[in-house]
Amino acid sequence: MKDEVTSREERIENLKGMGCSRKRVEDARFTQGKGNYVDDIKLDGMLFGDFVRSPYAHAKIVNIDTSAALEVPGVLAVLTAKDLEPLGLHWMPTLAGDKQMVLADGKVLFQGQEVAFVVAVDRYAAADGIEAVEVEYEELEVLVDPFKAMQSDVVLRPDTVAEDGSPADGAHGPRKHHNHIFTWEAGDKGPTFETIDNAEVVAEETMYYHRTHPCPLETCGCVASMDKVNGKLTLWGTFQAPHAIRTVVSLISGIEEHNIRVISPDIGGGFGNKVGAYPGYVCSVVASIVTGKPVKWIEDRMDNLMTTAFARDYHMTGRISATKEGKITGLHCHVTADHGGFDACADPTKFPAGFMNICTGSYDIPTAFLEVDGVYTNKAPGGVSYRCSFRVTEAVYFIERMIEVLAIELNMDAAELRRINFIKKEQFPYKAALGWEYDSGDYHTAWDKALKAVDYDGLRAEQAQRVEDFKAGKTRSLMGIGLSFFTEIVGAGPVKNCDILGLGMFDSCEIRIHPTGSAIARLGTISQGQGHATTFAQILASEIGLPADSITIEEGDTDTAPYGLGTYGSRSTPVAGAATAMAGRKIRAKAQMIAAYLLEVHDDDVEFDVDRFVVKGAPEKFKTMKEIAFAAYNQAIPGIEPGLEAVSYYDPPNMTYPFGAYVCVMDIDVDTGVPEIRRFYALDDCGTRINPMIIEGQIHGGLTEALAVALGQEIAYDDMGNVKTGTLMDFFLPTAWEVPNYETDYTVTPSPHHPIGAKGVGESPHVGGVPCFSNAIQDAFRPFGNRHTNMPHDHWRIWKTANELGLHD
Ligand code: MCN
Ligand code: CUM
C-alpha cells in the first residue's frame, strides 16, 4: 500500500496544511480571465440602472422633471424619492445608526449624491436617459470643514433636529450642535488631565489624517432579480458581508429572509469599500420588482471615488506626557471626525469611532483619555474602510506621530523611546488604559530584530553624516529613517460587545466530507482577493488529515453557506478560521470513534497522526482519514450516525492583537521634493502563520496602499464641495514605478485563545505602513527643525516643507 512507503514528512507535505506556501488555487481562474465578477453576470432580459447625480454639494431640489428622459429610446423607468416614499424606501438605515437618503429627498448633501435612478435596456440608453432628466437645484451654503460646520447656523440635516430646532439625540446619545453627530469617550479624563498637567515633559501636536478612498479595481455593483412567480429575490453583488446584506434587505423590504438569496461572486478587491449598503442596491431591487426583469447597477470609477465609503478624515489633537527619562505617563487624544452628509460608518454598533481607543498603541501608558466628536459636512458618507481595522489606522498613526514628537521634545532617539515604553512580554495578557485586553505580544524581540536587520545605528550615523554634508553644501539630498511599531486589534468579535445592526459578530464553517475522502467546506466570510479558498483548506488539511487539494472552500452564497458576518476588520482568520478549526475538530472526534470501531479497540486507544488514526503503541495498525471517510458512509456502526459532517459557529472570547515593526529608509531631494525609498523592512507577527506566501502578498499589498496614502493619495474637496480628485488622473494609485522592494520578516507569538493561535494580518501592513512612510519624511527634516507636517506627502508638500524650513535659501 502507498502509505507504507511514504514517510511521515512526506505525508505532512502531501496535505499542504498550515505553514505551507501553497499556491493560490483561485489564481488558475483569475490569471486566465475566467473569474466571475458581478459585471460578468448576464441574465435574459436584464436591464441596466444608473444614477442622476448631484453636481452640487449642498442644494435644495426644487423640481425633478423625468418626462424627457422617459421619451429616450430604451429608457423604461425613472425612479425618484417620490416613487420610493410610498414603499418607505426613500431613506435607509446606515450601519452607524443614522439614516441615509436612497434618492435625494428635498435636498442633496454632497456632490455625486444619488438623485434619480434611470432604468434602461442597457448602460448606454441609461446614460442618455440620465442626460435628459431635468433637475432644478437651488444652491445652499456648503460646509466642507467640520470645525466650521460645528459653528455654522446652516442646518445640514433638518431631519436630525427637534421641533424647537435643537439637535435631537442621535444613535450614540446627546448631540452638541445641529451638525454634530456624536461624542464618544473612553478612558479617565480627570486622572489623565492631572497627570499631563503635572508632568515633567509634555508634547502636543495637531495632525490631520486626510480623507482617502480604497479604490478597489472593481467598483461596487449588483444584479437584482425578482422572480415574481416563486416570490424569490436573488441579489448578486460586491458584498463583503452577504448574510448581513440579506438580513438588511429583508428588514427594509419586508420580503421574508428565506425568499432572499444573496450571492457575492468573485470580488475584485474590497478593502472595506464593499461593507456598507448603497442606494444602488436598494434601487436595483426596487427596479427589478417594478419591471419584473433583472436589473444591473455597476458604478463607474468616478461614482466609486466620489460617493462610496471614503476613509479617515480625522482631525486629531494629542498631548502626551513623560518623565525626563522618557517614561510615558499619560495620553490625551481629541478627534474631530468628518463623516460627511450621513454617518454611514461601518463600525460595530458600540464603537462609533471604531477601535480608535487603541490609540495608546504598543506602549504601557498608565492613564489615557480619548474623545471623538463626529460631525456632518457636505461630503460623501462612509468612514470605515480601507485596510483600517475599524480606525486602528488612525489610532496607530496618531500614537506613532506622538512618539516622534515626544522624542523631539525629549531630544531622544525615537527607537529608544519606543523600547523603554513597550508593554513587556510578561505583562500579557495586558489590560490597556482605554479598556482593551491585548492577548499576546513580544514587542522587544520584534523591535530588536528589526533594528538589527537594518543596522539602525549604522543608518543613524549615515544620516548624521548626510546632514553635515548638506550643511556643507556637498549634497542636496536628505535621508529619513521612518520607524513604526504597531499593535493591531482584529477579529471582531466577541458577540457580547461587537454587533452590526444587532447581529452578533461570530462566524461559521460547515464541513461535509465525501465518501471518497474529499470535502467541501462553506464559510460565513467572503474572499475579495485574500485567497480564502487556499488558506482555509490548509487549516482543514492540518485539522482533519485530508489534503488541502481535496477540499473545496465555498463562500458568499447565503443559500448554502452558514450564517456569518463576512470579511472585514481582518476577522476571517481570527473568527472564521477558528470556526474552521473547531468544525475540523468535530470531524476528527467522530473519525476517532469510527477508527476505533474499525480497528476494534477502545476510542482512547487510537491517536491522530497527520492523516490517520493509529493504535497507540502499534503504529502499523491504523486507518487513514480517507478510509475512515469511506467507512462513515458504508458501514453500519453501532451508536454512530452515518455520514461525516460538522458545523461550528464560533464566538471568539477576545480579539487578536497582531503587531509589527517597520523601518523605512528614504532619500529626499530637497529641490524637487521627490522621495526615493531606498529600503523598506517589515516585520509582522500574526501568530501562527497559515500560508507564508499569502501573508507576504498581503503585506506587499498593504504596504503599497500605505505608500499611496502617505505619499499622495487623497480625496480632496474645494470650498464649493467639488471633489478635486474624482478620477485616476488625479487620485494617486501607485504602480510598479513607485513601489520599492519590500523586505519581509516575522516573529511568531501565537494568540493564546485562538484554536490554532492565528491572528489576522490583512490590514496590519497598512496600519503600520502609513506612519512608517510618514515618519521617514518627517525624520529627514527633523535635524532642521521639523516637528510635524500633514500627509499626503506629495512632492509639492515635501518641497514646501523644505522651503519653509529655509532649505532653499
Ligand atoms: N493568513 C495566514 N496566516 C495568518 C493570518 C492570515 O495565512 N496568521 C491569511 C488568511 O488565511 C487569508 C489572508 O491571510 O488568506 C488574510 O487573512 P486575514 O488577516 O484574516 O484577513 P481577511 O481574510 O479577513 O481579509 C480582510 C482584510 C481586510 S479587512 C482588508 S480591508 C483587505 C485585506 O484583507 N482587503 C483586501 N487584504 C486584501 N487583499 C486583497 N487581495 N483584496 C482585498 O480587498
Ligand atoms: Cu476597514 S477596511 Mo477592511 O475592514 O474591509
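Computed from a predicted structure; not experimentally measured.

**Focus on the site of ligand 1**
In the neighbourhood of ligand 1, 32 residues make up the surrounding shell, with G270, H532, T573, Q698 and V761 lying closest. Contacts to ligand 1 include F271, whose backbone N or O atom sits 3.1 Å from an oxygen atom. Between an oxygen atom of ligand 1 and a main-chain N or O atom of N691, the distance comes to 2.9 Å. If ligand 1 stood free it would expose 840 Å²; the protein chains cover 96% of that surface. Every element with two or more residues in the shell around ligand 1 is listed here: α16 (532–544), α17 (572–599) and α19 (692–711).

**Some details on the sheet that holds strand β29 (residues 618–624)**
Adjacent strands of a sheet pair through backbone hydrogen bonds, lying either parallel or antiparallel. Here three strands make up an open sheet; going across it, the order is β27-β28-β29 and the pairing antiparallel. Each edge of the sheet is formed by a strand with only one pairing partner; in this case those strands are β27 (606–609) and β29. Averaged over all adjacent pairs, the angle separating strand axes in this sheet is 35°, with direction ignored. Strand direction decides the pairing type here: strand β28 (residues 612–615) and β29, joined by four bridges, are antiparallel. Bridge pairing in β29 places F613 opposite K623.

**Some thoughts on unusual backbone geometry**
At the junction of F428 and P429, the peptide bond is cis and its omega measures out at -5° in the coordinates. Structurally, P429 is set in the loop between α13 (414–421) and β19 (430–431). The peptide bond linking A492 to G493 adopts the cis configuration, its omega dihedral lying at -25°. Inspection of the secondary structure assignment puts G493 in the loop between β21 (477–487) and β22 (499–500). Positive phi, normally seen in glycine, also occurs at R387, with a value near 45°. The residue R387 is located in the loop between β18 (382–383) and α12 (392–410) in this model.

**Looking at the coordination of the copper atom of ligand 2**
Exactly one donor from the protein chain reaches the copper atom of ligand 2: C388 (SG), at 2.2 Å. With respect to the secondary-structure elements, C388 resides in the loop between β18 and α12.

**Observations regarding the packing of aromatic side chains**
The full count for this structure, using the stated rule, is 36 aromatic pairs. Pairing F355 with F390 gives two aromatic rings, centres 5.1 Å apart and planes at 70°, and the pair type is edge-to-face. A residue pair is termed long-range when its members are at least 10 positions apart, and F355 in the loop between β16 (328–340) and β17 (367–376) and F390 in the loop between β18 and α12 qualify at 35 residues. Members of the aromatic cluster, joined through ring pairs, are Y363, F422, F428, Y443, W447, F485 and F659.

**Some points on the site of ligand 2**
Taken together, Q240, F271, G272, V384, S385, Y386, R387, C388, S389, Y568, G569 and E763 make up all the residues around ligand 2. In this structure, G272 approaches ligand 2 through a main-chain N or O atom, which is 3.1 Å from an oxygen atom. Between ligand 2 and the protein, one listed contact pairs an oxygen atom with a backbone N or O atom of G569 at 2.5 Å.

**A few points about the side chain of T212**
Following the sequence through the fold, T212 ends up in strand β10 (residues 201–212). In this structure the side chain of T212 is engaged in a polar contact, spanning 3.1 Å, whose partner is the side chain of Q713. Filtering out sequence-adjacent residues up to four positions away, T212 remains in contact with F310, A311, R312, Y386, V709, Q713, E714, I715 and F731.

**Quick notes on the domain arrangement of the protein**
Each assigned domain of the protein is listed here: domain 1 (2–35 + 507–650), domain 2 (44–140 + 219–267 + 274–307) and domain 3 (310–491 + 655–804). The C-alpha-based centres of domain 1 and domain 2 are spaced at 41 Å. Facing 21 residues of domain 1, the contacting portion of domain 2 comprises 18 residues. Overall, the association of domain 1 and domain 2 removes approximately 1,500 Å² of surface from exposure, summing both partners, and the carbon and sulfur fraction of that is 50%. On the domain 1 side of the interface with domain 2, the three residues burying the most area are Q528, T558 and Y563, jointly 40% of the side's total.

**With respect to helix α20 (residues 764–781)**
The first and last C-alpha atoms of α20 sit 27 Å apart over 18 residues, in line with the 26 Å expected at 1.5 Å per residue. When you tally the buried positions in α20, you get 18 out of 18 residues, the bulk of the element.

**Topic: the pairing of strand β25 (residues 519–523)**
Across the five residues that make up β25, a large majority, five, are buried. In this structure, strand β24 (residues 507–513) lies alongside β25, joined through five bridges in antiparallel fashion. Paired with I513 across the two strands is A519, which belongs to β25. The hairpin turn running from β24 into β25, its antiparallel successor, is five residues long, and G517 in that turn takes a positive phi close to 90°. What joins β25 to strand β26 (residues 551–555) is α16, and the crossover it makes is right-handed.

Cut-offs used in this document
Residues numbered from 1 in each chain as written. Chains lettered and ligands numbered in written order. Predicted model: local features only at pLDDT ≥ 70, side-chain atom pairs only at ≥ 80, totals over all residues. Heavy atoms only, no water. Near = heavy atom within 4 Å. Polar contact = N/O pair within 3.5 Å; in protein donor to acceptor, adjacent residues only side chain to side chain. Areas by Shrake-Rupley, 256 points an atom, 1.4 Å probe, with all protein chains shown as cover. Helix = DSSP H or I, 4+ residues; strand = E, 2+ residues; numbered from the N terminus. Pairing = 2+ DSSP bridges. Axes fitted to C-alpha atoms, helices over the stretch in contact; angles between N-to-C directions. Donors = N, O, S within 2.8 Å, 3.2 Å for Na, K, Ca; no water. Phe/Tyr/Trp six-rings, centres within 6.5 Å; stacked < 30°, edge-to-face > 60°. Contact = heavy atoms within 4.5 Å. Domains from an automatic or database assignment. Buried area = accessible area lost by both parts, 1.4 Å probe. Expected span 1.5 Å × (residues − 1). Buried < 20%, exposed > 50% of the residue type's maximum accessible area, 1.4 Å probe, protein only. Right-handed = clockwise from strand over helix to strand, strands pointing away.

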